[in-house]
Amino acid sequence: KRSYKNYPPGPPRMPILGNILQIASQSSFPSVAFLNLSKKYGDVMFLKMGMVEAVTFNSPDSVHEILHHEKAIDRTRTMLPLIQARMYGKNLGLIFSSGESWQKLRHFTIRTLKDFGFGKAASMDVVVLEEMDKFVGYLETKMQRDGVVEVDGLFNLTLVNMLWRLVTGINYSMNDKKIQKLLKLSNDMIKNTKFSFDASATFPFLWHLFPSWSGKNLQMMNITALQEYCRETLEYHRRNCDYKNHPESYVDVFLQKIDETRKNPESEFTDDQLVLCLLDLFQAGAETSSQTLSFSMLYMLIHQDIQGKVQKEIDEVVGKGEVITLDMKSRLPYTQAAVLECLRKSMVAPFPAARQATDDFYFRDYFIKKGTIIMPNLECVHLDRGIWGDPHNFRPERFLNKDMSIDTKLAGKMLLFGGGKRVCLAQSLAETTIFLVLQIS
Ligand code: HEM
């Protein structure tokens, strides 16, 4: 029998279910449920969800500390069958991989994408403006034809195109049926994976025993289709591009690396790794930014007065017939503040992909056992009264100093992109595209 001595406090556990019912009774959003429970049990809280043992962190200090903790860097691939299947049962890719292989691939990916203009003002301006041109054209046609557009997922393709031009060199049209289907599959997959209550995580044996009921069949179908698409992309480049002499994208440089290291059985650069890196960039890149933009659009629609102030500032700075570019950012402080407030309020990923304790350790006076799932609740930071005063209000002015400069200290308190060594590798790209896309829309 497990002894829970010195573990962080938490609600009493029921046999088999653990704390699932207590969590579900609080809210269908785990981040809100954890925050509510933490008011009674403390900011660092032990929870059992079926077979999963987790520690959640629900205050800005504890979240910050655990994100940077050296024993909480690894992800949880080994215990989640869905993630295992996604990674062909190996330690592959960028999001769920760990150890030296993850470190090398992360480093390679950041460096290579930067070489192709990732996050650089001049190249991002061009890519974003071209894609937004296509987007606006698509919107106009759709409005003329149907009279309405659905905002959910509206930005997905535009954002994938911005990213995919750097990653693969491919540029899809807004009406491309194949990419639309893949985006839908990816979207469905993310929506169907609710970590805390997902049978694949909490009761893996149910997932295997009842593949249809538990959603296993559907998830596996989606994941296989996405993996195949990434493999086709790789093969297309191998057959049709002069990647050896003129690499024109991340995929081309990766293929060069595969060739260079082919004789080394320990090499990180393999076909499966490239498939997983593409899959990770595709899934992480499309959904998060797109959801953030959809929410931002909603906030702007609800707060017409703020939208009016943003428009006025843009009209004063950007001349007639001129297009907005990143170098104008410093002359648009109110607009910057409004974008920051949109980012603070939208919080589309309240939990980073879960991490796992690599070893036994003590956090404050609490014992955390090797293998425990680590769940920092990022949302609690964005809702903290101590930091924001009135966190539930939409108020861009909070980010402005008296002299209309941005309060960078306050902006730095946001944790939308996680933190520590596993911080989102595309933070600057995401912030840049969101700033430009919002202003152009
Ligand atoms: C608004 C947009 C975005 C948000 C809110 C977001 C948020 C996050 C968060 C919270 C994490 C986990 C960090 C941690 O564990 O501390 C993460 C990781 C990651 N994100 Fe993003 N992200 C966004 C856009 C993107 C884009 C555009 C890409 C693609 C280029 C991307 C690629 C990744 C990858 C590959 C990781 C895994 C990094 C690692 O484990 O080393 N993200 N992101």
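The sections below set out a description of the structure shown in this document. Since the structure is predicted, the reported quantities are computational estimates derived from the model, not experimental observations.

1. Observations concerning helix H5 (residues 99–115)
An ideal rise of 1.5 Å per residue puts 24 Å on 17 residues; H5 measures up with 25 Å between its terminal C-alpha atoms. Among the residues making up H5, those that are buried are Ser 101, Trp 102, Leu 105, Arg 106, Phe 108, Thr 109, Thr 112 and Leu 113. Looking at the buried positions of H5, the neighbouring elements they touch are helix H7 (156–167), helix H12 (250–260) and helix H13 (271–302). Trailing H5 by a residue or two, Gly 117 shows a phi angle of about 100°, which is positive.

2. Some points on the nonpolar core
Among the nonpolar cores identified, the biggest contains 115 residues, and Phe 57, Trp 164, Tyr 250, Phe 254, Leu 274 and Phe 282 are the most heavily contacted of them. Looking at this core element by element, the count peaks at twelve residues for H13. The residues touching Phe 282, leaving out its near neighbours within four places in the chain, are Val 160, Trp 164, Ile 179, Leu 182, Leu 183, Ser 186, Leu 226 and Tyr 229. In this structure, Ile 23, Phe 34, Leu 37 and Ile 373 belong to the second largest nonpolar core, which totals 17 residues.

3. A few points about the pattern of salt bridges
If you walk through the whole model with that rule in mind, you get 22 salt bridges. A salt bridge links Arg 86 to Asp 280, with the nearest nitrogen and oxygen atoms 2.7 Å apart. Of this pair, Arg 86 sits in helix H4 (residues 81–86) while Asp 280 sits in helix H13, placing them 194 residues apart in sequence. Of the two residues, Arg 86 and Asp 280, neither departs from the other in class, the shared state being buried.

4. Considerations on unusual backbone geometry
Negative phi values dominate among residues other than glycine, just as trans dominates among peptide bonds. Phi at Tyr 88 is positive, roughly 50°, even though this residue is not glycine. Tracing the backbone shows Tyr 88 in the loop between H4 and H5. For Tyr 88, a relative accessible area of 29% puts it in the partly exposed group.

5. Thoughts on the site of the ligand
Taken together, 26 residues lie around the ligand, and Trp 102, Arg 106, Arg 355, Arg 422 and Cys 424 are the ones closest in. A distance of 2.6 Å separates an oxygen atom of the ligand from a polar atom in the side chain of Arg 355. A distance of 2.8 Å separates an oxygen atom of the ligand from a polar atom in the side chain of Arg 422. Of all the elements in the fold, those that place two or more residues in the shell around the ligand are H5, H13 and helix H19 (427–440). The element that contributes the greatest number of residues to the shell around the ligand is H13, accounting for six residues. Its residues assigned to classes, the shell around the ligand shows 16 nonpolar, six polar and four charged.

6. Focus: the packing of H13 against helix H14 (residues 304–317)
Close contact between H13 and H14 brings their axes to 5 Å; oriented N to C, the two are set at 100°. In this view, H13 runs roughly perpendicular relative to H14, as classed from their interaxial angle. Facing Met 300, Leu 301 and Ile 302 of H13, the residues of H14 in contact are Gln 304, Ile 306, Gln 307 and Val 310. Of the residues that constitute the contact of H13 with H14, the class distribution is five nonpolar, two polar and no charged.

7. Considerations on the coordination of the iron atom of the ligand
In this structure, the iron atom of the ligand receives exactly one donor atom from the protein: Cys 424 (SG), at 2.3 Å. Here Cys 424 shows up in the loop between helix H18 (408–411) and H19.

8. Concerning the packing of H13 against helix H15 (residues 333–346)
For any two helices packed against each other, the geometry is given by the interaxial angle and the distance between the axes. Where H13 contacts H15, the two axes come as close as 9 Å, and the packing angle between them is 115°. The way H13 lies across H15 gives a crossing that is right-handed. For the pair H13 and H15, contact is made by Thr 292, Phe 295, Ser 296, Tyr 299 and Met 300 and by Ala 338, Cys 342, Leu 343, Lys 345 and Ser 346, respectively. Of the residues belonging to the contact of H13 with H15, the class tally is six nonpolar, three polar and one charged.

9. Section: the packing of aromatic side chains
One pass over the full model with this rule turns up 17 aromatic pairs. Ring centres of Phe 57 and Phe 363 lie 5.1 Å apart, and the angle between their planes is 75°; this geometry places the pair in the edge-to-face category. Linking Phe 57 in strand E2 (residues 52–57) with Phe 363 in strand E4 (residues 361–363), this pair joins segments that are 306 residues apart in sequence. For Phe 57, a relative accessible area of 0% corresponds to the buried category. Their ring planes at 55° and their centres at 5.5 Å tell us that Tyr 362 and Phe 367 sit as a pair that is tilted. Ring pairing ties together the aromatic residues Tyr 7, Phe 46, Tyr 362 and Phe 367, which thus form one cluster. Just above the ring of Trp 102 sits the side chain of Arg 422; from NZ or CZ to the centre is 4.1 Å.

10. Description of the pairing of strand E1 (residues 44–49)
Within E1, five of the six residues are buried, leaving the element largely enclosed by the surrounding structure. One ladder, built from six bridges, connects E1 with E2; its direction is antiparallel. In the sheet register, Phe 46 faces E2, and the bridge partner there is Val 55. Between the end of E1 and the start of E2, which pair antiparallel, lie two residues, with Gly 50 showing a positive phi angle near 60°.

11. A few points about the pairing of E2
For E2, the buried fraction is high: six of the six residues fall into the buried class. Residues Val 52, Ala 54 and Thr 56 line one face of E2 and the alternating positions Glu 53, Val 55 and Phe 57 line the opposite face, and both faces are buried. Taken together, the four bridges between E2 and strand E6 (residues 373–376) define a ladder with parallel strand orientation. Bridge pairing links Thr 56 to Met 375 in E6.

12. Overview of H12
Residues lying three or four places apart along an α-helix face the same way, a consequence of the helix completing one turn every 3.6 residues. When we look at burial in H12, the residues that qualify are Tyr 250, Val 251, Asp 252, Val 253, Phe 254, Leu 255 and Ile 258. Residues of H12 that are buried in the fold lie against H5, H7, helix H11 (216–240) and H13.

Thresholds, definitions, all that
Residues numbered from 1 in each chain as written. Predicted model: local features only at pLDDT ≥ 70, side-chain atom pairs only at ≥ 80, totals over all residues. Heavy atoms only, no water. Helix = DSSP H or I, 4+ residues; strand = E, 2+ residues; numbered from the N terminus. Expected span 1.5 Å × (residues − 1). Buried < 20%, exposed > 50% of the residue type's maximum accessible area, 1.4 Å probe, protein only. Contact = heavy atoms within 4.5 Å. Core = buried A, V, L, I, M, F, W, Y, C linked by side-chain atoms within 4.5 Å. Salt bridge = Lys/Arg side-chain N within 4 Å of Asp/Glu carboxyl O. Near = heavy atom within 4 Å. Polar contact = N/O pair within 3.5 Å; in protein donor to acceptor, adjacent residues only side chain to side chain. Nonpolar A, V, L, I, M, F, W, Y, C, P; charged D, E, K, R; others polar. Axes fitted to C-alpha atoms, helices over the stretch in contact; angles between N-to-C directions. Parallel < 35°, antiparallel > 145°, perpendicular 65-115°, else oblique. Donors = N, O, S within 2.8 Å, 3.2 Å for Na, K, Ca; no water. Left-handed = near helix turned anticlockwise from the far one by under 90°. Phe/Tyr/Trp six-rings, centres within 6.5 Å; stacked < 30°, edge-to-face > 60°. Lys NZ or Arg CZ within 6 Å of the ring centre and 35° of its normal. Pairing = 2+ DSSP bridges.

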